[in-house]
Amino acid sequence: MARIDFKSVAALACLFALVGCAAPVDQLAEKPYCHTDRGIHAYCTKEIAPNLQRDAEAKQFASVPDALTIYVVRYWGDGHHPVDVSFNSGAPIETVPDSMIRLRVKAGEHQIAFKVDGRSFARKISGVAGEVRLLGIVGTDWPWGNSSHAWSDDSEEQVKRKAMRSRLIKDKSL
């Protein structure tokens, strides 16, 4: 009867672990997006997010000729809770840290708002068909209960850089 030594078992276990890590990511899978903090799932969206192919396409920030395209990017440092964003007083869209929403809407003036801790933060945004606009949401949450949130004063180029590190979680045409 053959004897199995420890080194052979360890090498085989490492090989199986590496093969599991090398499995391809399904670019077309649509599932809830989970924001992670230091490797731990901190909070997942309730709804499914667009697939990774659409996420990559959205990060090209291409315009469409017949609509105003608006990106709302939620930055990383504001806790693990959801923040609901509404467009023109419509149904709220849930966001998590490091996420973004792409809206394709009619040209003109619109109101975008989000709520945190019972406070509402509204902002008007306007544009013409074929234009791309970017807005950022910044915030801080502290363990002792203090929090602060606002619309970012960053330039659209700065918001775009943060969007490149975010995940598209909602893609809507209204």
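Remember, it's a predicted structure, so these values are computed and weren't measured experimentally.

About the cut-offs
- Residues numbered from 1 in each chain as written.
- Predicted model: local features only at pLDDT ≥ 70, side-chain atom pairs only at ≥ 80, totals over all residues.
- Heavy atoms only, no water.
- Salt bridge = Lys/Arg side-chain N within 4 Å of Asp/Glu carboxyl O.
- Helix = DSSP H or I, 4+ residues; strand = E, 2+ residues; numbered from the N terminus.
- Buried < 20%, exposed > 50% of the residue type's maximum accessible area, 1.4 Å probe, protein only.
- Phe/Tyr/Trp six-rings, centres within 6.5 Å; stacked < 30°, edge-to-face > 60°.
- Lys NZ or Arg CZ within 6 Å of the ring centre and 35° of its normal.
- pLDDT = per-residue confidence, 0-100.
- Contact = heavy atoms within 4.5 Å.
- Disulfide = S-S within 2.5 Å.

(A) Summary view of the pattern of salt bridges. Counting across every chain of the model gives seven salt bridges. Here Lys46 and Glu94 are joined by a salt bridge, their closest N and O atoms 3.3 Å apart. Taken together, the positions of Lys46 in strand S2 (residues 40-48) and Glu94 in strand S5 (residues 93-95) put the pair 48 residues apart, joining distant regions of the chain. The exposure class of Lys46 is exposed, given its relative accessible area of 65%.

(B) Local environment of the packing of aromatic side chains. Taken as a whole, this structure holds three aromatic pairs when the rule is applied. Taking the centre distance of 5.0 Å and the plane angle of 75° together, the rings of Phe114 and Trp151 count as edge-to-face. Of this pair, Phe114 sits in strand S7 (residues 108-116) while Trp151 sits in strand S10 (residues 147-151); the two residues are 37 residues apart in sequence, bridging distant segments of the chain. Trp151 matches Phe114 in its accessibility class, with the two residues each being buried. These aromatic residues form a ring-pair network of at least three members: Phe114, Phe121 and Trp151. The cationic tip of Lys162 hangs over the ring face of Tyr75; the distance from NZ or CZ to the ring centre is 4.5 Å.

(C) View of the confidence of the model for the chain. Of all residues in the chain, 75% attain a pLDDT of 70 or more, and the chain-wide mean is 81. Note on residues 17-26: pLDDT is under 50 here. Beyond four places in sequence and across chains, it has two contacts.

(D) Quick look at unusual backbone geometry. Look at Phe61: it is not a glycine, yet its phi comes out positive at around 55°. Position of Phe61 among the secondary structure elements: in the loop between helix H2 (52-58) and strand S3 (68-74). Of note, Asp98 is a non-glycine position whose phi angle comes to about 60°, a positive value. Checked against the element boundaries, Asp98 lands in the loop between S5 and strand S6 (99-105).

(E) Inspection of the environment of Lys31 at higher detail. Relative to the helices and strands, Lys31 is located in the loop between helix H1 (6-21) and strand S1 (32-37). According to the relative accessible area criterion, Lys31 is exposed, its value standing at 55%. Spatially, the C-alpha atom of Lys31 lies 9.0 Å from that of Thr45, the residues being 14 residues apart in sequence. Excluding residues within four positions of it along the chain, Lys31 makes contact with Ile48 and Ala49.

(F) A look at the state of the cysteines. Tallied over the full model, the rule gives one disulfide. The partner cysteine of Cys34 in its disulfide is Cys44, sulfur to sulfur 1.8 Å. Between Cys34 and Cys44 the sulfur-sulfur dihedral comes to about 105°; the bridge is accordingly right-handed. Of this pair, Cys34 sits in strand S1 while Cys44 is found in strand S2, placing the two residues 10 residues apart along the sequence. For Cys44, a relative accessible area of 30% translates into the label partly exposed.

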